[in-house]
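A look at the structure
Given next are the chains, with one letter for each unit.
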Amino acid sequence: MIDQLRQMAIFARTIDHGSFRAAAKAMRLSPSVVSHQVSELERRLGTALIYRSTRSLSLTRDGERLLSSARLMIEAAENGLQSVSDQAREPSGELRLTMPAVLARSRLVEQIAGFTVANRKVQLTIDFSDTRKSLISDGFDLAIRMGWLKDSALIARKLSSVKRRLVAAKSYLKARPRPASPADLNDWDWLELSPVRAKQPKFQKTGHKTMALKPASRISVNDAHALYQFARAGAGLAFIPDFLAEDDVAAGVMDYVLPDWQVEDIGIYAVWPQNAPKHGLTKYLVDHLAD
């Protein structure tokens, strides 16, 4: 059985590399050994797995079936070995991370701090900015994104969601009648976060029809903290992450507008390049934040 497992691994690597010679070089074996191991596996199974030609290799139907199982076997073995290795070796190295400035006041900072406390040999450089940075050209290992992700060549994993609330200063609300539905807010003063300008908010309430609203904004800014400060100063209404306003709401400075109506939460995602090591420090941090 051990010999067959070894032969299955060599068979899978041969297909992955496209030739006996390339597979032999990657595995530090001779091409004749690789070819012999695959032929021996075919002999034991009593079926052809690979069509051989002078230029290329292709799979038979039986070869396609076995390849799927062989790859699962290799992945399980690699994961098991990595798990033991991770426990035996303390994570170390440097990570460059970029994330929205507004998250400086979120629970995510506590989670990252906990990661550094538990992993003393890891060094983090964190860029807090509401200007979206490029992982590749700006040299970051990992990005934390808020909002609604577009398709890209990057790997993404959702970490959590943040509730959005429509807020205004108590001083602003005193001069206006209490709204009963989103339609009552069309002629109010709206403040807007410019990076999500194209996202039309949709209000939902149990037993009511979903209502979309896209009023013109009086002030548009590119920073969530600035947006909230304008709302806090009485300049108008703003959608903000709920953790920004909860202390001021409790203190009676701010208030929720239409608290019975909900809007879509904001997703928080970890995003990193496709070529990052499968079991590297980036993935280790992402797993910590997701947990």
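A brief structural summary. On a predicted model such as this, the values are computed, not experimentally measured, just so you know. The residue numbers shown here count from 1 along each chain, following its written sequence. In view of the model being predicted, local features appear only for residues whose pLDDT reaches at least 70, and side-chain atom pairs are presented and counted only at 80 or more, with totals across whole chains, interfaces and linings using the full set of residues. Working from all heavy atoms in the structure, the side-chain values ignore hydrogens and water.

What to know about the overall build of the chain
Here is the rule we go by: Helix and strand definitions follow DSSP, with helices as H or I runs of at least four residues and strands as E runs of at least two, each counted in order from the N terminus. Exposed residues in this analysis have more than 50% of their type's maximum accessible area, buried residues have under 20%, and partly exposed residues fall in between, with area computed by a 1.4 Å probe over protein chains only. When charges are counted, Lys and Arg are positive and Asp and Glu negative, with His and the chain ends excluded. Positions of charges follow a simple convention, taking NZ of Lys, CZ of Arg, CG of Asp or CD of Glu.
Per the secondary structure count, the chain includes nine helices and 14 strands. With the principal axes as the frame, the chain shows a C-alpha extent of 85 × 45 × 35 Å. Taken across its 291 residues, the chain has 37% of its residues classed as buried. Taking the average place of the 41 positive charges on the side chains of the chain and the average place of its 32 negative ones, the gap between the two points comes to 4 Å.

A word on a nonpolar patch on the surface
The condition that has to hold: Residues enter patches when their relative accessible area tops 30% and they take part in no salt bridge; the joining distance is 9 Å for like charges and 5 Å for the nonpolar side chains Val, Leu, Ile, Met, Phe, Trp and Tyr. Accessible surface area values rest on a Shrake-Rupley calculation with a 1.4 Å probe, where residue burial reflects the displayed protein chains alone. When a carboxyl oxygen of Asp or Glu lies within 4 Å of a side-chain nitrogen of Lys or Arg, that pair is called a salt bridge.
A contiguous nonpolar surface patch, about 350 Å² in accessible area, is contributed by M1, I2 and L5. Along the polypeptide, M1 turns up in the segment before α1 (2-17). Judged by its relative accessible area of 68%, M1 falls in the exposed class.

Considerations on the packing of helix α2 (residues 20-27) against helix α3 (residues 31-45)
Condition: Helix axes use the C-alpha atoms of the stretch in contact, all axes being lines fitted to C-alpha atoms, and the angles between their N-to-C directions lie in the range 0 to 180 degrees. Each angle is binned into one of four classes, with values under 35 degrees roughly parallel, values over 145 roughly antiparallel, values of 65 to 115 roughly perpendicular, and all other values oblique. Two residues form a contact once any of their heavy atoms are found within 4.5 Å. Each residue is assigned to one class: nonpolar for Ala, Val, Leu, Ile, Met, Phe, Trp, Tyr, Cys and Pro, charged for Asp, Glu, Lys and Arg, and polar for all the others, Gly among them.
Remark: α2 packs on α3, axes separated minimally by 8 Å, with the N-to-C direction vectors making an angle of 110°. On the basis of the axis angle, α2 is roughly perpendicular to α3. Every residue of α3 that contacts α2 at F20, R21, A24 and M27 is listed here: P31, V34, S35 and V38. For the contact of α2 with α3, the per-class residue count stands at six nonpolar, one polar and one charged.

A few points about the packing of helix α5 (residues 107-118) against helix α9 (residues 281-290)
Test applied: For any helix crossing, the convention is left-handed if the near helix is rotated counterclockwise from the far helix by under a right angle, and right-handed if that rotation is clockwise.
Relative to each other, α5 and α9 sit at 130°, their axes nearing to 10 Å. If you check the angle between α5 and α9, you find them oblique. Crossing geometry of α5 relative to α9 is assigned as right-handed. Residues L108, Q111, I112, G114 and F115 of α5 lie in contact with α9, whose contacting residues are Y284, L285, H288 and L289.

Side note on the packing of aromatic side chains
Ring pairs (aromatic) are described by centroid distance and by the angle formed between their planes. We count it as follows: Only the six-membered ring of Trp is used, alongside the rings of Phe and Tyr, when aromatic pairs are assigned; centres must lie within 6.5 Å, and planes under 30 degrees apart are stacked while those over 60 apart are edge-to-face, with the rest tilted. In this scheme, Lys NZ or Arg CZ marks a charge over a ring once it lies within 6 Å of the ring centre and within 35 degrees of the ring normal.
Enumeration over the complete set of coordinates arrives at four aromatic pairs. The lysine or arginine in question, R164, covers the ring of F239, its NZ or CZ lying 5.3 Å from the ring centre.

Concerning α1
Stated precisely, the cut-off is as follows: In a helix, the anticipated span is given by 1.5 Å times the number of residues less one.
Counted at 1.5 Å a residue, the expected span for α1 with its 16 residues is 22 Å, and the 23 Å between its end C-alpha atoms agrees. Two residues or fewer after α1 comes G18, characterised by a positive phi angle close to 90°.

Considerations on the side chain of T98
With respect to the helices and strands, T98 occurs in strand β3 (residues 93-99). T98 has contacts with D127, K133, F140, L142, A143 and I144, leaving out every residue within four places of it along the chain.

Here we look at the nonpolar core
The test is simple: We define the nonpolar core as a collection of buried residues of types Ala, Val, Leu, Ile, Met, Phe, Trp, Tyr and Cys that are connected through side-chain atoms lying within 4.5 Å of one another.
Counting 52 residues, the largest nonpolar core has L103, I144, L185 and L237 as the members making the most contacts within it. Those residues within four positions of L185 in sequence are excluded, and the remaining contacts are L166, P179, W190, L213, L237, V257 and L258. With 17 residues, the next largest nonpolar core counts A24, V34, L49 and A70 among its residues.

Some words on the pattern of salt bridges
Following the criterion strictly, the structure yields 13 salt bridges and no others. Its salt-bridge partner being D16, residue R13 comes within 3.3 Å of it at the nearest N-O pair. With R13 and D16 both in helix α1 and three residues apart, this pair spans about one turn of that helix. K133 is paired through a salt bridge with D127; the nearest N and O atoms lie 3.2 Å apart. Here K133 falls in the partly exposed class, since its relative accessible area comes to 22%. Counted as one network, the salt bridges with shared partners bring together D3, E40, R43 and R44.

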